[in-house]
Amino acid sequence: MMFMVWARGLGPGLLAWCAGVAVQLQQEALWPLAGYAGLGAGAWGVGLVLRRWAFAGGLRVLAMGLVWASLAVSVTGLHAVSRSGVIDPALEGQDLDVVGVVQAMPQRQDLGWRFRFQLEQAWRVHPAGSVQALDLPADLPRQVYLGWYAQDGMHDSGWSTSPLPEPVKAGERWRFRVRLKAPHGNLNPRGFDYELWLWEQGIRATGYVRTGGKDPAPVRLASTWAHPIEGWRQTVRDRLLTQLSPSAAGESAKFAGIVAALVTGDQAAIDRSDWDVFRATGVAHLMSISGLHVTMFAWLASVLVAWGWRKSALWGFAGALRWPAAHVGALAGLGLAGFYALFSGWGVPAQRTLWMLAVVTLLKISARQWHGALIWSLAGAVVLTLDPWALLQPGFWLSFVAVGVLMATDRQAATQRAQQGWRDGHGAVLRRTDLVPGSSGHRWGAQQFPIWGGAMGAAAWALLREQATITVALAPLTLLFFGQVSWVGLVANLLAIPWVTLVVTPLAMLGVLWPGAWGLAVWALQPLASLLGWMAAWPMASVSTAMAPWGLGLLALVGAVGLVVRLPLSWKLLCLPLLWPVLFWVHPRPAVGTFELLAADVGQGNAVLVRTAGHSLLYDAGPRYSAESDAGHRVLVPLLAQMGERLDVLMLSHRDSDHTGGAAAVLAMRPQAVLWSSLEDAHVLHALRPGWTRCQAGQSWVWDGVLFEVLHPPVSGATSRPRKPNETSCVLRISQGAVSALLAGDIEAAQELALVRAGLAPVDVLLVPHHGSKTSSTPEFLQALQPRLALVQAGYRNRFGHPAQPVVDRYRAQGIGLTESTRCGAASWRSDRPAQVQCERVLARRYWHHVLPH
């Protein structure tokens, strides 16, 4: 009966609201403010009319669903318009003096700090020294993302060891000299959307603090109470890391980051190798603030407050007789859970749990009962109203699907047990309060179970059943988002969930009051980490597959849910075929006798994936972004994984870090790949592949009817180290019939002239030499090649000025189509369509993406 009330009432409207949010997120450009306001007003008026107009139930539900969806588009659009401001292009890269407040807990980087900064005043500094006051937010957005780094940067010999800059704290007011630019990130197929992340945070410009000899030193002006929770988070995190790091040695030191993540939600504190283990064993969700932790905290706070409230009546407090202890405890638990969610960084799982707890608390106080599906739908609608872009994050789907499946299966299991009359020895039906928000029958958070060997046995059986249900139901989503599923996840979670939830997390939280508990939390983590590391090393502990299209992934999700809910066997058998495309998806490959290029968007560096019908070659591995981050880990390894690519050859054109930065990560994750390079014999990367091959002119091979030829460097210079690494760049020509491509590395004018004299045949597509530097792309070289298209891989507003404007003009003067990665994102080209280039920024364009002026 209550499900019918949900189906005919608020439930469909909430689902329609979520659908409307999804529709608005597909827009390539925002409407004017008046457009969204008009849509909202019109939908509101239609809704008022429909409420008084009686007609068929199905049509009424459909009409009201359209009204709810239209209102969601309007509200989400208005929300987006309110944060659509961006920096004036004329101010990008200019010296600016700014005064503002640190908004959030800074993140430590290897060479400095990254932090959100709210501008209060800003001035433009002209070359002559005069300053001009700027209007906020007309000229500059109020929220920016700044980096403050050590003075020295990265060189070919490695990263500098200059001392870190002075730490900043949330709530402090500072004066900086900065340089800003529009929010621009790399955009690759199914890759991390950095611009979406910045948009969701409300950040509309990024930049760095200037600390050169001619720049004024940064000045701390005052400490404010502008962001007290963030300030407290930072104080706790810094105190935790300071206390644990010196006392821990070797492998134990990294556990401090895990404890920091559990207490403050600072996931960046966890080492990357630990994340690899957690993902391989399927327990990554436990190593940060999750809904499970928030629920446990709320339950504990509610019990303690209710107990104290009851005791206060014995101490003469009259208020304890007016308000029921259960209600006071529930409200106190909700309030403290809300504070905990804010303190932990306000992640989607914490938001979802908090809104569910809020609905449950209000229903309890008002003596009402709602169906669990209505509570689930309302929580989702509230989260998407406050943060619409959460719908595009894996955490939203994993969190809500997990809870929804648990609610559905728990309700069915409880109904079945009630019908069978399972009771204890005294004839009473046993109930337990679930740590994960769920429903039993029509009641929230209660669940019946039989006694099999006592209450502990029943609880263990319930945990096993729930974990198996979640593992099966979420498998399609983990494959869809990460291309990986853990086969040991069921066992690992059965051990890790109670240990982390009931032992490690309480000790970590207790450390806020008694710092000694942090050491106990580290001690408790050590055996679990050893066990997880051992399980991650098992053969087939996790399986990686190519990522299927979104539509097939959603069908697989339907199939997985059908397998775990109570359905007839015949229906479950029909669900199995829905899983097949996701489990065994193969990324489409070129036909025999053809090839394709994918120029990945890696910023200031080269990385081109060449694919034939049965083989793959990666030409260069992109730049190294910092001492702990490179294009291999951030772009190329995920890209190869989501395509299910088995890499045959990694060819490194030369030793510069913008070409070899991600090589170690690629070689580690693709052990079968053979290394070709022009690097010196003693280079560290050669130790990773002792059987490496040196590039030399005259080498060639054929893959699937496609010819690969090395044109440079010449054999005579192979063993002597040149004056400049660019001079020995491996130049690779790929051809099939009359169609060909040339990958030219960083060769300069002298090497281009040598190739022309040796006889250089025309090509269809050219990887622009040296990212469009003035030292390359000579007229003679371009006239000899006569390419239809040219690809430039360079970073947005890079410090080298690539591609140089005279070089751009030279390509255009010869009628060569120039495709820049800053405007295109990842660029895809196929030999069977030699006149076309597909740009990821065109295919996946959304309104939050930065559009460069022409």
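Residues numbered from 1 in each chain as written. Predicted model: local features only at pLDDT ≥ 70, side-chain atom pairs only at ≥ 80, totals over all residues. Heavy atoms only, no water.

J.: Can you explain the pairing of strand 1 (residues 96-102)? Please cite residues and give values.
T.: Counting buried positions along strand 1 yields seven of seven residues, so the element is predominantly enclosed. Judged from the six bridges that link them, strand 1 and strand 8 (residues 172-181) form a sheet pairing that is antiparallel. Across the sheet, Val99 pairs through a bridge with Arg175, a residue of strand 8. (Buried < 20%, exposed > 50% of the residue type's maximum accessible area, 1.4 Å probe, protein only. Helix = DSSP H or I, 4+ residues; strand = E, 2+ residues; numbered from the N terminus. Pairing = 2+ DSSP bridges.)

J.: Can you lay out the pattern of salt bridges for me, pointing to particular residues and giving the numbers?
T.: Inspection of the entire model under this criterion finds 21 salt bridges. Glu172 is the salt-bridge partner of Arg220, the closest N and O atoms lying 3.0 Å from each other. With Arg220 in strand 10 (residues 219-223) and Glu172 in strand 8, the pair connects residues that are 48 residues apart, well separated along the chain. Taking the shortest distance from any N to any O, the salt bridge between Arg830 and Asp832 comes out at 2.7 Å. What emerges from the salt-bridge pattern is a single network uniting Asp95, Arg179, Arg210 and Asp215. (Salt bridge = Lys/Arg side-chain N within 4 Å of Asp/Glu carboxyl O.)

J.: Which residues make up the sheet that holds strand 28 (residues 739-743), and what values do they have?
T.: In spatial order, the strands read 25-26-27-28-29-30-31; together these seven strands make up an open sheet with mixed pairing. In the strand order of this sheet, the two ends are held by strand 25 (700-703) and strand 31 (817-820), each with one partner. Sheet twist, expressed as the average angle between the axes of neighbouring strands with direction ignored, equals 20°. Note: strand 26 (residues 706-712) against strand 27 (residues 731-736), five bridges, orientation antiparallel. Within the sheet, the bridge partner assigned to Glu709 lies in strand 27 and is Arg733. (Axes fitted to C-alpha atoms, helices over the stretch in contact; angles between N-to-C directions.)

J.: Just give me the short version of the sheet that holds strand 19 (residues 616-619), but keep the residues and values in it.
T.: Across the sheet, eight strands lie side by side as 24-23-22-19-18-17-32-33; this open sheet has mixed pairing. The open sheet has two edge strands, strand 24 (693-694) and strand 33 (833-839), and neither has a second partner.

J.: Account for the packing of helix 8 (residues 272-281) against helix 17 (residues 516-536), naming residues and giving values.
T.: Between two packed helices, what matters for the description is the angle formed by their axes and the separation of those axes. Following both chains from N to C, one finds helix 8 and helix 17 inclined at 65°, their axes separated by 9 Å at the closest point. The orientation of helix 8 relative to helix 17 falls into the category roughly perpendicular. Where helix 8 crosses over helix 17, the two elements pack in a sense that is left-handed. In this structure, helix 8 uses Val277, Phe278, Ala280 and Thr281 to contact helix 17, whose residues at the interface are Leu532, Gly533, Met535 and Ala536. A per-class count over the contact of helix 8 with helix 17 returns six nonpolar, two polar and no charged. (Parallel < 35°, antiparallel > 145°, perpendicular 65-115°, else oblique. Left-handed = near helix turned anticlockwise from the far one by under 90°. Contact = heavy atoms within 4.5 Å. Nonpolar A, V, L, I, M, F, W, Y, C, P; charged D, E, K, R; others polar.)

J.: Residue-level account of the state of the cysteines, with values.
T.: Enumeration according to the criterion identifies two disulfides in this entry. In this model Cys695 forms its disulfide with Cys730; the gap between the sulfur atoms is 2.3 Å. On the S-S bond that ties Cys695 to Cys730, the torsion sits near 100°, and the link is right-handed. Highlighted residues: Cys695 in the loop between strand 24 and strand 25 and Cys730 in the loop between strand 26 and strand 27, separated in sequence by 35 residues. (Disulfide = S-S within 2.5 Å.)

J.: Before we move on, can you summarise the packing of aromatic side chains with the specific residues and values?
T.: Overall, the coordinates contain 30 aromatic pairs when judged by the stated rule. Ring centres of Trp199 and Tyr847 lie 5.5 Å apart, and the angle between their planes is 70°; on these two criteria the pair is classed as edge-to-face. With a gap of 648 residues between them, Trp199 in helix 5 (residues 194-200) and Tyr847 in the segment after helix 27 (840-843) connect regions that are remote in the sequence. Summarising the burial analysis for this pair, Trp199 and Tyr847 share the class buried. Among the aromatic side chains, those forming a connected cluster through ring pairs are Phe115, Phe117, Trp148, Trp174 and Phe176. The cationic tip of Arg634 hangs over the ring face of Tyr625; the distance from NZ or CZ to the ring centre is 4.3 Å. (Phe/Tyr/Trp six-rings, centres within 6.5 Å; stacked < 30°, edge-to-face > 60°. Lys NZ or Arg CZ within 6 Å of the ring centre and 35° of its normal.)

J.: Could you give an account of unusual backbone geometry, naming the residues involved and the relevant values?
T.: In this model, Leu136 is joined to Pro137 through a cis peptide bond whose omega is 5°. Structurally, the position occupied by Pro137 is in the loop between strand 4 (131-133) and strand 5 (143-149). A cis amide bond, omega -10°, links His802 with the succeeding residue Pro803. Positive phi is not limited to glycine here, since Met540 has a value of about 60°. With respect to the secondary-structure elements, Met540 resides in the loop between helix 17 and strand 16 (542-544). Phi angles above zero are rare outside glycine, and His770 is one such case at about 50°. Here His770 falls in the buried class, since its relative accessible area comes to 13%.

J.: Quick rundown of a nonpolar patch on the surface? Include the residues and the values.
T.: Among the surface-exposed residues, Trp299, Leu300, Val303 and Leu304 lie close enough to one another that they form a single nonpolar patch of about 400 Å² accessible area. Among the secondary structure elements, Leu300 is positioned in helix 9 (residues 291-314). (Patch = residues over 30% accessible without salt bridge, like charges linked within 9 Å, V, L, I, M, F, W, Y side chains within 5 Å. Areas by Shrake-Rupley, 256 points an atom, 1.4 Å probe, with all protein chains shown as cover.)

J.: Outline helix 2 (residues 10-24), listing residues and values.
T.: The first and last C-alpha atoms of helix 2 sit 21 Å apart over 15 residues, in line with the 21 Å expected at 1.5 Å per residue. Of all the residues in helix 2, the buried ones are Gly11, Gly13, Leu14, Ala16, Trp17, Cys18, Gly20, Val21 and Gln24. (Expected span 1.5 Å × (residues − 1).)

J.: Could you give me a rundown of the nonpolar core, with the residues and numbers involved?
T.: The nonpolar side chains of soluble globular proteins are, as a tendency, buried together. With 49 residues, the main nonpolar core has Ile258, Val259, Val263, Phe278, Val283, Met287 and Trp518 as its most contacted residues. Looking at this core, the elements with two or more residues in it are helix 6 (228-247), helix 7 (255-264), helix 8, helix 9, helix 11 (325-343), helix 12 (348-365), helix 16 (489-510) and helix 17. Sequence-distant contacts of Val259, that is, excluding residues within four places in its chain, are made with Leu240, Leu244, Ala508, Trp518, Ala521, Val522 and Leu525. If you look at the next biggest cluster of nonpolar residues, it comprises 34 residues, including Ala80, Ala381, Leu384 and Tyr847. (Core = buried A, V, L, I, M, F, W, Y, C linked by side-chain atoms within 4.5 Å.)

J.: Quick one: what's the story with the environment of Lys311, residue by residue and with numbers?
T.: Structurally, the position occupied by Lys311 is in helix 9. With a relative accessible area of 30%, Lys311 lands in the partly exposed category.

J.: Mind laying out the packing of helix 9 against helix 12, listing which residues take part and the relevant values?
T.: Interhelical geometry of helix 9 versus helix 12 gives an angle of 40° and a closest axis separation of 8 Å. Taken together, the axes of helix 9 and helix 12 lie oblique to each other. Seen from above, helix 9 lies across helix 12 with right-handed handedness. In contact with Gly291, Val294, Thr295 and Ala298 of helix 9, helix 12 contributes Pro349, Ala350, Arg352, Thr353 and Leu357. Broken down by class, the residue content of the contact of helix 9 with helix 12 amounts to five nonpolar, three polar and one charged.

J.: Mind laying out the environment of Val348, listing which residues take part and the relevant values?
T.: The topology assignment puts Val348 in helix 12. With residues up to four places along the chain from it excluded, the contact list for Val348 reads Ala390, Gly395 and Phe396.

Function cannot be read off these values alone, since they describe shape.
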